[in-house]
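# Commentary on secondary and tertiary structure
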Amino acid sequence: MQKYQLLINSERLKDTLEKFANYGRTENNGVTRLSLSKEDIAIRNYFVSCCKKLGMAIKIDDVANIYATMPGIENKSPLIMGSHLDSVKKGGRFDGMLGVVAALEIARTLKDYHIQPRIPFTIVDFTNEEGARFEPAMMCSGIISGIFEKSKMLKSTDNEGTTFEEALNASGYKGEIKNRLKAASAYLEIHIEQGPVLESESLKIGVVEGVLGMITFEIEVTGDSDHAGTTPMKIRKDALFTASDIIRETRDRLNGLDGELVYTMGRMNVLPNIHTVIPNKAIFTLNARHKDPKVIRQVVQIINELPHEMEGCTITSRELWGRDTITFDKELCKQLEKSARVLGYSYKRMYSGAGHDAQNIATFLPTAMIFVPSVNGKSHCEEELTSYEDCAKGVNVALDTVMAILSKQ
(Lines give C-alpha, C1' and ligand atoms only; values in the text may rest on other atoms or scores of the structure.)
Protein backbone atom coordinates (compact mmCIF):
# COMPACT_ATOMS: atom_id res chain seq x y z
CA MET A 1 0.00 0.00 0.00
CA GLN A 2 1.27 3.46 -0.86
CA LYS A 3 2.05 5.81 2.01
CA TYR A 4 -0.65 8.17 0.78
CA GLN A 5 -3.62 6.95 -1.24
CA LEU A 6 -6.14 9.38 -2.66
CA LEU A 7 -9.66 8.09 -1.99
CA ILE A 8 -13.16 9.34 -2.76
CA ASN A 9 -15.70 10.44 -0.17
CA SER A 10 -17.76 7.24 0.07
CA GLU A 11 -20.57 8.84 2.10
CA ARG A 12 -20.95 11.58 -0.49
CA LEU A 13 -21.03 8.94 -3.25
CA LYS A 14 -23.84 7.13 -1.43
CA ASP A 15 -25.76 10.36 -0.91
CA THR A 16 -25.38 11.35 -4.57
CA LEU A 17 -26.54 7.97 -5.81
CA GLU A 18 -29.66 8.28 -3.67
CA LYS A 19 -30.33 11.83 -4.85
CA PHE A 20 -30.00 10.78 -8.49
CA ALA A 21 -32.29 7.80 -7.86
CA ASN A 22 -35.05 10.17 -6.74
CA TYR A 23 -35.60 11.08 -10.38
CA GLY A 24 -38.05 8.46 -11.54
CA ARG A 25 -37.90 6.39 -8.34
CA THR A 26 -40.57 3.67 -8.24
CA GLU A 27 -42.58 2.37 -5.29
CA ASN A 28 -40.26 -0.65 -5.00
CA ASN A 29 -37.09 1.48 -4.94
CA GLY A 30 -36.19 1.05 -8.60
CA VAL A 31 -36.34 3.74 -11.28
CA THR A 32 -38.27 4.39 -14.46
CA ARG A 33 -36.39 7.02 -16.43
CA LEU A 34 -36.89 6.46 -20.13
CA SER A 35 -34.69 8.42 -22.51
CA LEU A 36 -35.72 12.08 -22.97
CA SER A 37 -38.78 11.58 -20.75
CA LYS A 38 -39.64 14.23 -18.17
CA GLU A 39 -37.75 12.16 -15.56
CA ASP A 40 -34.68 11.99 -17.78
CA ILE A 41 -34.82 15.73 -18.49
CA ALA A 42 -35.09 16.41 -14.75
CA ILE A 43 -32.05 14.29 -13.86
CA ARG A 44 -30.09 15.85 -16.72
CA ASN A 45 -30.86 19.29 -15.29
CA TYR A 46 -29.70 18.17 -11.85
CA PHE A 47 -26.54 16.57 -13.25
CA VAL A 48 -25.68 19.75 -15.17
CA SER A 49 -26.23 21.86 -12.03
CA CYS A 50 -23.87 19.62 -10.04
CA CYS A 51 -21.18 20.00 -12.70
CA LYS A 52 -21.60 23.76 -12.94
CA LYS A 53 -21.05 24.04 -9.17
CA LEU A 54 -17.61 22.53 -9.80
CA GLY A 55 -16.88 25.11 -12.48
CA MET A 56 -17.15 22.55 -15.27
CA ALA A 57 -18.01 23.71 -18.78
CA ILE A 58 -21.09 22.10 -20.34
CA LYS A 59 -21.40 21.15 -24.00
CA ILE A 60 -24.18 19.19 -25.66
CA ASP A 61 -24.00 17.56 -29.06
CA ASP A 62 -26.64 17.13 -31.73
CA VAL A 63 -28.08 13.91 -30.21
CA ALA A 64 -28.24 15.23 -26.62
CA ASN A 65 -25.07 13.61 -25.30
CA ILE A 66 -23.87 15.84 -22.42
CA TYR A 67 -20.18 16.61 -21.84
CA ALA A 68 -19.09 18.36 -18.63
CA THR A 69 -15.41 19.33 -18.63
CA MET A 70 -12.99 20.34 -15.90
CA PRO A 71 -10.17 22.28 -17.60
CA GLY A 72 -6.64 20.92 -17.56
CA ILE A 73 -3.32 22.65 -17.19
CA GLU A 74 -2.64 21.69 -20.78
CA ASN A 75 -5.31 21.93 -23.45
CA LYS A 76 -4.87 18.40 -24.76
CA SER A 77 -7.32 15.58 -25.52
CA PRO A 78 -9.38 14.96 -22.36
CA LEU A 79 -9.67 11.94 -20.13
CA ILE A 80 -13.32 10.92 -20.30
CA MET A 81 -15.51 9.00 -17.87
CA GLY A 82 -19.23 8.38 -17.93
CA SER A 83 -22.14 6.15 -18.88
CA HIS A 84 -25.89 6.86 -19.12
CA LEU A 85 -28.74 8.17 -16.96
CA ASP A 86 -31.70 6.61 -18.77
CA SER A 87 -33.20 3.36 -17.52
CA VAL A 88 -35.53 0.60 -18.57
CA LYS A 89 -39.09 0.61 -17.22
CA LYS A 90 -39.00 -0.36 -13.54
CA GLY A 91 -35.25 -0.80 -13.71
CA GLY A 92 -32.59 -0.53 -11.04
CA ARG A 93 -30.97 2.56 -9.54
CA PHE A 94 -27.35 1.60 -10.29
CA ASP A 95 -27.35 0.52 -13.95
CA GLY A 96 -25.73 3.29 -15.98
CA MET A 97 -26.22 5.92 -13.31
CA LEU A 98 -23.27 4.62 -11.28
CA GLY A 99 -20.91 5.43 -14.16
CA VAL A 100 -22.03 9.06 -14.33
CA VAL A 101 -22.12 9.55 -10.55
CA ALA A 102 -18.69 7.90 -10.21
CA ALA A 103 -17.18 10.40 -12.64
CA LEU A 104 -18.90 13.24 -10.78
CA GLU A 105 -17.47 12.00 -7.48
CA ILE A 106 -13.97 11.86 -9.00
CA ALA A 107 -14.36 15.45 -10.23
CA ARG A 108 -15.48 16.47 -6.73
CA THR A 109 -12.50 14.67 -5.19
CA LEU A 110 -10.09 16.52 -7.49
CA LYS A 111 -11.76 19.75 -6.41
CA ASP A 112 -11.57 18.78 -2.71
CA TYR A 113 -7.80 18.37 -2.95
CA HIS A 114 -7.31 21.40 -5.21
CA ILE A 115 -5.96 19.19 -7.97
CA GLN A 116 -6.15 20.70 -11.42
CA PRO A 117 -5.72 17.82 -13.85
CA ARG A 118 -2.89 18.10 -16.32
CA ILE A 119 -5.34 17.43 -19.14
CA PRO A 120 -9.09 18.14 -19.16
CA PHE A 121 -11.36 15.70 -17.31
CA THR A 122 -14.76 15.20 -18.95
CA ILE A 123 -17.91 13.47 -17.74
CA VAL A 124 -20.29 12.19 -20.42
CA ASP A 125 -23.94 11.17 -20.21
CA PHE A 126 -24.82 9.22 -23.36
CA THR A 127 -28.39 9.49 -24.63
CA ASN A 128 -30.68 6.46 -24.98
CA GLU A 129 -28.27 3.71 -23.97
CA GLU A 130 -31.04 1.36 -22.92
CA GLY A 131 -33.13 1.62 -26.08
CA ALA A 132 -36.15 1.07 -23.83
CA ARG A 133 -38.04 3.98 -25.37
CA PHE A 134 -36.36 4.29 -28.76
CA GLU A 135 -34.67 1.27 -30.34
CA PRO A 136 -31.85 0.35 -30.74
CA ALA A 137 -29.87 0.27 -27.50
CA MET A 138 -26.68 2.34 -27.26
CA MET A 139 -28.17 4.58 -29.92
CA CYS A 140 -26.31 7.84 -29.48
CA SER A 141 -22.87 6.47 -28.64
CA GLY A 142 -23.45 4.44 -31.79
CA ILE A 143 -24.27 7.55 -33.82
CA ILE A 144 -21.12 9.42 -32.81
CA SER A 145 -19.09 6.24 -33.40
CA GLY A 146 -20.41 5.91 -36.95
CA ILE A 147 -22.12 2.60 -36.17
CA PHE A 148 -25.66 3.93 -36.64
CA GLU A 149 -26.95 6.39 -39.23
CA LYS A 150 -28.39 9.44 -37.52
CA SER A 151 -31.10 9.88 -40.16
CA LYS A 152 -32.44 6.40 -39.45
CA MET A 153 -32.21 6.78 -35.69
CA LEU A 154 -34.20 10.01 -35.76
CA LYS A 155 -37.14 8.04 -37.18
CA SER A 156 -37.20 5.51 -34.32
CA THR A 157 -40.54 5.69 -32.51
CA ASP A 158 -41.71 4.94 -29.00
CA ASN A 159 -44.92 3.11 -28.07
CA GLU A 160 -46.95 6.29 -28.44
CA GLY A 161 -45.65 7.03 -31.92
CA THR A 162 -43.31 9.86 -30.88
CA THR A 163 -40.12 9.83 -32.93
CA PHE A 164 -36.68 10.23 -31.42
CA GLU A 165 -36.33 13.42 -33.46
CA GLU A 166 -39.50 14.86 -31.93
CA ALA A 167 -38.41 13.98 -28.41
CA LEU A 168 -34.96 15.41 -29.09
CA ASN A 169 -36.35 18.71 -30.37
CA ALA A 170 -38.67 19.02 -27.36
CA SER A 171 -36.05 18.09 -24.76
CA GLY A 172 -34.07 21.31 -24.60
CA TYR A 173 -30.96 19.16 -24.98
CA LYS A 174 -30.42 19.30 -28.72
CA GLY A 175 -26.94 20.74 -29.18
CA GLU A 176 -24.50 21.06 -32.04
CA ILE A 177 -22.74 18.39 -34.06
CA LYS A 178 -19.40 20.15 -33.52
CA ASN A 179 -19.61 19.21 -29.81
CA ARG A 180 -19.51 15.47 -30.46
CA LEU A 181 -16.82 13.42 -28.76
CA LYS A 182 -14.02 12.97 -31.28
CA ALA A 183 -10.70 12.59 -29.48
CA ALA A 184 -9.62 11.61 -25.96
CA SER A 185 -6.65 10.17 -24.15
CA ALA A 186 -8.91 7.45 -22.74
CA TYR A 187 -12.51 6.56 -21.97
CA LEU A 188 -13.32 4.79 -18.69
CA GLU A 189 -16.71 3.43 -17.63
CA ILE A 190 -17.65 1.88 -14.32
CA HIS A 191 -20.76 -0.28 -14.29
CA ILE A 192 -22.49 -2.89 -12.18
CA GLU A 193 -21.75 -6.37 -13.45
CA GLN A 194 -25.40 -7.25 -14.13
CA GLY A 195 -24.48 -10.87 -13.49
CA PRO A 196 -23.55 -13.17 -10.59
CA VAL A 197 -19.88 -13.94 -11.26
CA LEU A 198 -18.10 -11.46 -9.00
CA GLU A 199 -20.43 -12.10 -6.06
CA SER A 200 -20.26 -15.88 -6.47
CA GLU A 201 -16.45 -15.76 -6.46
CA SER A 202 -16.31 -13.23 -3.56
CA LEU A 203 -14.49 -10.69 -5.72
CA LYS A 204 -14.83 -6.90 -5.56
CA ILE A 205 -13.62 -5.70 -8.95
CA GLY A 206 -14.02 -6.88 -12.51
CA VAL A 207 -11.40 -5.62 -14.95
CA VAL A 208 -13.40 -5.82 -18.16
CA GLU A 209 -11.30 -6.88 -21.13
CA GLY A 210 -14.05 -6.53 -23.69
CA VAL A 211 -17.63 -7.28 -24.72
CA LEU A 212 -18.69 -10.68 -26.01
CA GLY A 213 -19.49 -11.20 -29.65
CA MET A 214 -23.10 -12.08 -30.29
CA ILE A 215 -25.41 -13.53 -32.89
CA THR A 216 -29.21 -13.54 -32.93
CA PHE A 217 -31.38 -15.66 -35.23
CA GLU A 218 -35.12 -16.06 -35.66
CA ILE A 219 -36.27 -19.59 -36.48
CA GLU A 220 -39.70 -20.15 -37.98
CA VAL A 221 -41.53 -23.49 -38.08
CA THR A 222 -44.62 -23.72 -40.31
CA GLY A 223 -47.19 -26.51 -40.15
CA ASP A 224 -50.96 -26.78 -40.56
CA SER A 225 -53.79 -25.72 -38.27
CA ASP A 226 -56.49 -28.32 -37.62
CA HIS A 227 -59.03 -29.10 -34.94
CA ALA A 228 -57.41 -30.19 -31.67
CA GLY A 229 -60.04 -32.84 -31.00
CA THR A 230 -60.64 -34.44 -34.38
CA THR A 231 -57.21 -34.68 -36.03
CA PRO A 232 -55.28 -37.94 -35.38
CA MET A 233 -51.82 -37.46 -33.93
CA LYS A 234 -50.08 -39.39 -36.71
CA ILE A 235 -51.20 -37.00 -39.46
CA ARG A 236 -50.73 -33.73 -37.64
CA LYS A 237 -48.27 -31.06 -38.74
CA ASP A 238 -47.89 -29.38 -35.35
CA ALA A 239 -45.51 -26.43 -35.58
CA LEU A 240 -45.08 -26.12 -31.80
CA PHE A 241 -44.24 -29.79 -31.25
CA THR A 242 -41.71 -29.60 -34.07
CA ALA A 243 -40.24 -26.39 -32.68
CA SER A 244 -39.85 -27.99 -29.25
CA ASP A 245 -37.99 -30.93 -30.82
CA ILE A 246 -35.72 -28.53 -32.71
CA ILE A 247 -35.03 -26.60 -29.53
CA ARG A 248 -34.11 -29.75 -27.64
CA GLU A 249 -31.78 -31.02 -30.38
CA THR A 250 -30.22 -27.58 -30.84
CA ARG A 251 -29.57 -27.28 -27.11
CA ASP A 252 -27.84 -30.65 -27.11
CA ARG A 253 -25.53 -29.52 -29.92
CA LEU A 254 -24.83 -26.12 -28.38
CA ASN A 255 -24.04 -27.70 -25.02
CA GLY A 256 -21.33 -29.67 -26.79
CA LEU A 257 -19.46 -26.50 -27.71
CA ASP A 258 -17.27 -24.36 -25.45
CA GLY A 259 -18.35 -24.21 -21.79
CA GLU A 260 -18.22 -20.39 -21.80
CA LEU A 261 -20.85 -20.14 -24.52
CA VAL A 262 -24.11 -18.62 -23.30
CA TYR A 263 -27.27 -18.85 -25.35
CA THR A 264 -30.92 -17.94 -24.88
CA MET A 265 -34.15 -18.75 -26.66
CA GLY A 266 -35.93 -15.76 -25.25
CA ARG A 267 -38.89 -15.02 -27.50
CA MET A 268 -41.53 -17.36 -28.90
CA ASN A 269 -44.71 -16.65 -30.83
CA VAL A 270 -47.22 -19.45 -31.44
CA LEU A 271 -50.05 -19.05 -33.93
CA PRO A 272 -52.99 -19.00 -33.91
CA ASN A 273 -52.49 -19.31 -30.14
CA ILE A 274 -55.86 -20.93 -29.47
CA HIS A 275 -56.08 -23.87 -27.09
CA THR A 276 -58.40 -25.87 -29.36
CA VAL A 277 -56.37 -25.38 -32.56
CA ILE A 278 -53.19 -27.17 -33.60
CA PRO A 279 -50.48 -24.48 -34.02
CA ASN A 280 -49.60 -23.80 -37.63
CA LYS A 281 -46.64 -21.57 -36.83
CA ALA A 282 -44.03 -21.33 -34.08
CA ILE A 283 -41.37 -18.64 -34.20
CA PHE A 284 -38.55 -18.41 -31.69
CA THR A 285 -35.26 -16.59 -31.30
CA LEU A 286 -31.80 -17.89 -30.50
CA ASN A 287 -29.24 -15.47 -29.06
CA ALA A 288 -25.69 -16.77 -28.48
CA ARG A 289 -22.64 -14.98 -27.04
CA HIS A 290 -18.94 -15.83 -26.80
CA LYS A 291 -15.64 -13.97 -26.96
CA ASP A 292 -14.14 -16.32 -29.57
CA PRO A 293 -15.46 -15.70 -33.10
CA LYS A 294 -14.74 -19.34 -33.94
CA VAL A 295 -17.33 -20.47 -31.39
CA ILE A 296 -19.86 -17.99 -32.77
CA ARG A 297 -19.24 -19.41 -36.24
CA GLN A 298 -19.89 -22.91 -34.87
CA VAL A 299 -23.23 -21.68 -33.52
CA VAL A 300 -24.12 -20.27 -36.93
CA GLN A 301 -23.15 -23.57 -38.54
CA ILE A 302 -25.49 -25.47 -36.21
CA ILE A 303 -28.33 -23.14 -37.14
CA ASN A 304 -27.54 -23.45 -40.84
CA GLU A 305 -27.63 -27.24 -40.52
CA LEU A 306 -31.19 -27.30 -39.23
CA PRO A 307 -33.40 -29.45 -41.49
CA HIS A 308 -35.61 -27.62 -43.97
CA GLU A 309 -38.43 -30.04 -43.24
CA MET A 310 -39.28 -32.06 -40.13
CA GLU A 311 -42.43 -33.90 -38.99
CA GLY A 312 -44.31 -32.48 -41.95
CA CYS A 313 -43.37 -28.89 -41.09
CA THR A 314 -41.03 -26.50 -42.90
CA ILE A 315 -38.19 -24.74 -41.05
CA THR A 316 -36.53 -21.47 -42.01
CA SER A 317 -34.08 -19.21 -40.19
CA ARG A 318 -32.87 -15.66 -40.60
CA GLU A 319 -30.21 -13.63 -38.87
CA LEU A 320 -31.62 -10.64 -36.99
CA TRP A 321 -28.44 -8.98 -35.78
CA GLY A 322 -25.02 -9.61 -34.32
CA ARG A 323 -21.80 -7.99 -33.22
CA ASP A 324 -18.14 -8.90 -33.20
CA THR A 325 -16.27 -9.27 -29.92
CA ILE A 326 -14.91 -5.92 -28.76
CA THR A 327 -11.52 -5.95 -27.05
CA PHE A 328 -10.66 -3.07 -24.74
CA ASP A 329 -7.31 -1.28 -24.53
CA LYS A 330 -4.68 -3.58 -23.04
CA GLU A 331 -2.69 -0.84 -21.31
CA LEU A 332 -5.79 0.60 -19.66
CA CYS A 333 -6.77 -2.88 -18.47
CA LYS A 334 -3.29 -3.35 -17.01
CA GLN A 335 -3.59 -0.05 -15.17
CA LEU A 336 -7.02 -0.96 -13.76
CA GLU A 337 -5.54 -4.26 -12.57
CA LYS A 338 -2.63 -2.40 -10.95
CA SER A 339 -5.01 0.04 -9.26
CA ALA A 340 -7.05 -2.82 -7.80
CA ARG A 341 -3.86 -4.40 -6.43
CA VAL A 342 -2.61 -1.11 -4.96
CA LEU A 343 -5.92 -0.66 -3.16
CA GLY A 344 -5.94 -4.25 -1.93
CA TYR A 345 -9.19 -5.19 -3.65
CA SER A 346 -9.79 -8.69 -4.97
CA TYR A 347 -10.43 -8.76 -8.71
CA LYS A 348 -10.52 -10.78 -11.89
CA ARG A 349 -10.31 -10.11 -15.60
CA MET A 350 -13.56 -10.83 -17.39
CA TYR A 351 -15.68 -10.10 -20.45
CA SER A 352 -19.06 -8.43 -20.45
CA GLY A 353 -21.97 -10.40 -21.83
CA ALA A 354 -24.15 -7.28 -21.88
CA GLY A 355 -23.68 -4.36 -24.24
CA HIS A 356 -22.42 -0.96 -23.09
CA ASP A 357 -21.67 2.43 -24.63
CA ALA A 358 -18.01 1.59 -24.05
CA GLN A 359 -18.09 -1.00 -26.83
CA ASN A 360 -19.01 1.73 -29.34
CA ILE A 361 -16.47 4.21 -27.99
CA ALA A 362 -13.79 1.50 -28.13
CA THR A 363 -14.02 1.57 -31.93
CA PHE A 364 -12.21 4.92 -31.99
CA LEU A 365 -10.78 5.63 -28.52
CA PRO A 366 -8.67 3.72 -25.95
CA THR A 367 -11.37 2.29 -23.69
CA ALA A 368 -11.76 0.09 -20.61
CA MET A 369 -14.44 -0.77 -18.05
CA ILE A 370 -14.68 -1.63 -14.36
CA PHE A 371 -17.36 -3.93 -12.97
CA VAL A 372 -18.59 -4.03 -9.38
CA PRO A 373 -20.69 -6.90 -7.97
CA SER A 374 -24.43 -7.19 -8.46
CA VAL A 375 -26.28 -8.80 -5.54
CA ASN A 376 -27.76 -12.09 -6.80
CA GLY A 377 -26.76 -10.98 -10.30
CA LYS A 378 -29.94 -8.88 -10.54
CA SER A 379 -30.24 -6.04 -13.05
CA HIS A 380 -32.88 -4.32 -15.21
CA CYS A 381 -35.31 -4.81 -12.33
CA GLU A 382 -36.27 -3.03 -9.15
CA GLU A 383 -34.41 -5.63 -7.07
CA GLU A 384 -31.09 -4.53 -8.63
CA LEU A 385 -28.58 -3.85 -5.86
CA THR A 386 -24.88 -3.20 -5.38
CA SER A 387 -23.64 -2.36 -1.89
CA TYR A 388 -22.46 1.21 -1.43
CA GLU A 389 -19.18 -0.15 -0.12
CA ASP A 390 -18.62 -2.06 -3.36
CA CYS A 391 -19.61 1.01 -5.39
CA ALA A 392 -17.00 3.05 -3.51
CA LYS A 393 -14.31 0.44 -4.13
CA GLY A 394 -15.01 0.52 -7.85
CA VAL A 395 -14.86 4.31 -7.92
CA ASN A 396 -11.59 4.26 -5.96
CA VAL A 397 -10.10 1.98 -8.61
CA ALA A 398 -11.27 4.41 -11.27
CA LEU A 399 -9.80 7.36 -9.33
CA ASP A 400 -6.44 5.63 -8.96
CA THR A 401 -6.39 4.90 -12.69
CA VAL A 402 -7.39 8.49 -13.49
CA MET A 403 -4.50 9.77 -11.37
CA ALA A 404 -2.11 7.33 -13.06
CA ILE A 405 -3.21 8.49 -16.51
CA LEU A 406 -2.88 12.15 -15.53
CA SER A 407 0.61 11.58 -14.17
CA LYS A 408 1.76 10.16 -17.51
CA GLN A 409 0.57 13.10 -19.58
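The paragraphs below set out a description of the structure included in this document. (Residues numbered from 1 in each chain as written. Predicted model: local features only at pLDDT ≥ 70, side-chain atom pairs only at ≥ 80, totals over all residues. Heavy atoms only, no water.)

A few words now on the environment of Ile119. Assignment of secondary structure puts Ile119 in the loop between helix 3 (97–112) and strand 4 (121–125). A sequence separation of 286 residues divides Ile119 from Ile405, and the C-alpha atoms of the two residues are 9.6 Å apart. (Helix = DSSP H or I, 4+ residues; strand = E, 2+ residues; numbered from the N terminus.)

With that settled, consider the packing of helix 10 (residues 330–343) against helix 12 (residues 388–408). Remark: helix 10 packs on helix 12, axes separated minimally by 9 Å, with the N-to-C direction vectors making an angle of 120 degrees. Judged on the interaxial angle alone, helix 12 and helix 10 are oblique. As for how helix 10 packs across helix 12, the hand of that crossing is right-handed. Within the contact between the two elements, helix 10 uses Leu332, Gln335, Leu336, Ser339, Ala340, Val342 and Leu343 and helix 12 uses Asn396, Val397, Asp400, Thr401, Ala404, Ile405 and Lys408. (Axes fitted to C-alpha atoms, helices over the stretch in contact; angles between N-to-C directions. Parallel < 35°, antiparallel > 145°, perpendicular 65-115°, else oblique. Left-handed = near helix turned anticlockwise from the far one by under 90°. Contact = heavy atoms within 4.5 Å.)

So, about the pairing of strand 5 (residues 186–192). Looking along a regular strand, one sees side chains alternate from face to face of the sheet. Across the seven residues that make up strand 5, a large majority, seven, are buried. Residues Ala186, Leu188, Ile190 and Ile192 line one face of strand 5 and the alternating positions Tyr187, Glu189 and His191 line the opposite face, and both faces are buried. Examined bridge by bridge, strand 3 (residues 79–83) and strand 5 share three bridges and lie parallel to one another. The partner of Leu79 across the bridge, within strand 5, is Ala186. (Buried < 20%, exposed > 50% of the residue type's maximum accessible area, 1.4 Å probe, protein only. Pairing = 2+ DSSP bridges.)

Bringing the side chain of Asp158 into the picture now. Structurally, Asp158 can be placed in the loop between helix 5 (150–153) and helix 6 (164–171). The class of Asp158 is buried, set by a relative accessible area of 8%. One polar contact links the side chain of Asp158 to the main-chain amide nitrogen of Glu160, over a distance of 2.9 Å. At a separation of 2.9 Å, a polar atom in the side chain of Asp158 contacts the main-chain amide nitrogen of Thr162. Asp158 has contacts with Arg133 and Phe134, leaving out every residue within four places of it along the chain. (Polar contact = N/O pair within 3.5 Å; in protein donor to acceptor, adjacent residues only side chain to side chain.)

To continue, consider the layout of surface pockets. When its volume is computed, the second largest pocket comes out at roughly 370 Å³. Considering the residues around the second largest pocket, the lining is formed by 16 residues, among which Lys59, Thr69, Pro78, Thr122 and Asn179 are closest to the centre. Of all elements in the fold, only strand 1 (57–60) and strand 2 (66–70) reach the threshold of two or more residues within the lining of the second largest pocket. The class makeup of the residues in the lining of the second largest pocket is seven nonpolar, four polar and five charged. (1 Å grid on protein atoms, 1.4 Å probe; cavity = no way out; pocket = protein on both sides within 12 Å on 5 of 7 lines; lining within 4 Å. Points joined across faces, edges and corners; volume = space filled by probe spheres on them. Nonpolar A, V, L, I, M, F, W, Y, C, P; charged D, E, K, R; others polar.)

All right, on to the packing of aromatic side chains then. Applying the stated criterion across every chain, the model contains five aromatic pairs. With centroids separated by 5.9 Å and ring planes inclined at 50 degrees, the aromatic side chains of Phe94 and Tyr388 adopt a geometry described as tilted. Taken together, the residues Phe94 in the loop between strand 3 and helix 3 and Tyr388 in helix 12 connect sequence positions 294 residues apart. Accessibility expressed as a relative area gives 21% for Tyr388, which makes it partly exposed. An aromatic cluster is present here, built from Phe20, Tyr23 and Tyr46 joined pairwise through their rings. Here the basic side chain of Arg44 rests over the ring of Tyr173, its NZ or CZ set 5.2 Å away from the ring centre. (Phe/Tyr/Trp six-rings, centres within 6.5 Å; stacked < 30°, edge-to-face > 60°. Lys NZ or Arg CZ within 6 Å of the ring centre and 35° of its normal.)

Most of strand 7 (residues 213–222) is tucked away, with eight of its ten residues classed as buried. Judged from the ten bridges that link them, strand 7 and strand 10 (residues 281–290) form a sheet pairing that is antiparallel. Pairing of Glu220 across the sheet is with Ile283, part of strand 10. Of the pairings in the sheet, the one linking strand 7 to strand 12 (residues 313–323) comprises nine bridges and is antiparallel in character. Among the inter-strand pairings, Ile219 is bridged to a residue of strand 12, identified as Ser317.

The subject of this paragraph is the side chain of Lys281. Assignment of secondary structure puts Lys281 in strand 10. In this structure the side chain of Lys281 is engaged in a polar contact, spanning 3.0 Å, whose partner is the side chain of Thr222. Discounting residues that sit within four places of it in the chain, Lys281 has contacts with Glu220, Val221, Thr222, Ala239, Asn269, Val270 and Leu271.

Okay, helix 9 (residues 293–304) next. Over its twelve residues, helix 9 extends 16 Å from the first C-alpha to the last, a length consistent with the 16 Å expected when each residue adds 1.5 Å. When we look at burial in helix 9, the residues that qualify are Val295, Ile296, Val299, Ile302 and Ile303. In a view along the axis of helix 9, the buried residues occupy a sector of 115 degrees, so they form one face of it. When the buried face of helix 9 is taken as reference, the exposed residues oriented beyond 90 degrees from it are Lys294, Arg297 and Asn304. Tucked inside the fold, the buried residues of helix 9 contact strand 7, helix 8 (239–255), strand 10 and strand 12. Among the residues of helix 9, the N-terminal cap falls to Asp292, whose side-chain oxygen and the backbone nitrogen of Lys294 are separated by 2.9 Å. (Expected span 1.5 Å × (residues − 1). Arc of directions from axis to C-beta.)

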